[in-house]
Amino acid sequence: MTKTLFSVMLACIAAPAQTARVAVVIETSLGSIEAEIAMDKAPLTGANFLRYVDAGRYENARINRTVKPDNQPNNAVKIEVIQAGPDPKVAAFPPIVLERTSLTGLLHTNGALSMARVGPDTGSSEFFICIGDQPALDFGGKRNP
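On a predicted model such as this, the values are computed, not experimentally measured, just so you know. All residue numbers here refer to positions counted from 1 along the written sequence of the relevant chain. At least 70 in pLDDT is required for a residue's local features to be given in this predicted model, at least 80 for side-chain atom pairs to be given and counted, and no such filter applies to totals for whole chains, interfaces and linings, which use all residues. No hydrogens and no water enter the side-chain calculation; it runs on all heavy atoms of the structure.

(A) Summary view of the confidence of the model for the protein. Per-residue pLDDT for the protein averages 86, and the proportion of residues at 70 or more is 87%. Across residues 10-16, confidence stays below pLDDT 50; counting only partners more than four residues off in sequence or on other chains, it has 14 contacts. Per-residue confidence from the predictor is given as pLDDT, running between 0 and 100. Whether two residues are in contact is decided by their heavy atoms: any pair within 4.5 Å suffices.

(B) Examining the side chain of Gln83 more closely. Secondary structure elements follow DSSP: runs of H or I of four or more residues count as helices, runs of E of two or more count as strands, with numbering from the N terminus. Within the secondary structure layout, Gln83 lies in strand β5 (residues 81-85). Whether a residue is buried, partly exposed or exposed follows from its accessible area with a 1.4 Å probe, protein chains only, as a fraction of its type maximum: under 20%, in between, or over 50%, in that order. The exposure class assigned to Gln83 is buried, which follows from its relative accessible area of 11%. For Gln83, the residues in contact, after removing those within four places along its chain, are Arg62, Ile63, Asn64, Arg65, Ala116, Glu126, Phe127 and Phe128.

(C) The pattern of salt bridges, seen in detail. Here, a salt bridge means any Lys or Arg side-chain nitrogen found within 4 Å of an Asp or Glu carboxyl oxygen. The tally for this structure, following the rule as stated, stands at four salt bridges. A salt bridge links Glu36 to Arg21, with the shortest nitrogen-to-oxygen separation between them at 3.5 Å. On the criterion of sequence distance, the pair formed by Glu36 in strand β3 (residues 31-38) and Arg21 in strand β2 (residues 21-28) is long-range, its members being 15 residues apart. We classify Arg21 as partly exposed; its relative accessible area is 33%. With its nearest N and O atoms 3.9 Å apart, the salt bridge here joins Lys68 to Asp70. A relative accessible area of 62% means that Asp70 is categorised as exposed. Through salt bridges that share partners, Arg21, Glu36 and Asp40 make up one connected network.

The following block contains the structure:
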């Protein structure tokens, strides 16, 4: 399987505490993805993502999986995302406290960038981009009862 390498760069330099939104560009071997980090809605999650950017931990990182309806167990609640993160050899920072969508007002809509996790308070270096709306990933959704 081919893995797409990427690097994330800040498109504007601003102190996260003073800025509502921070623009980033994810440069991949297949083109650029522009994203906006919602520091005003999810400051802990945003600061965590930007900490990896600032530390250069996403340089030469990898898009490591695509989750599609046809590659999930039959009994799973189906989602569609592209997941990425640093090279597994790169040390991760400690996990962050979960900022629930019920509190942030942010939803897993088409194109949303979100930190991957395996349970509450486990978000670290992996993130994903939603392909289409993914309400199952929101607070109270079928993947988060």
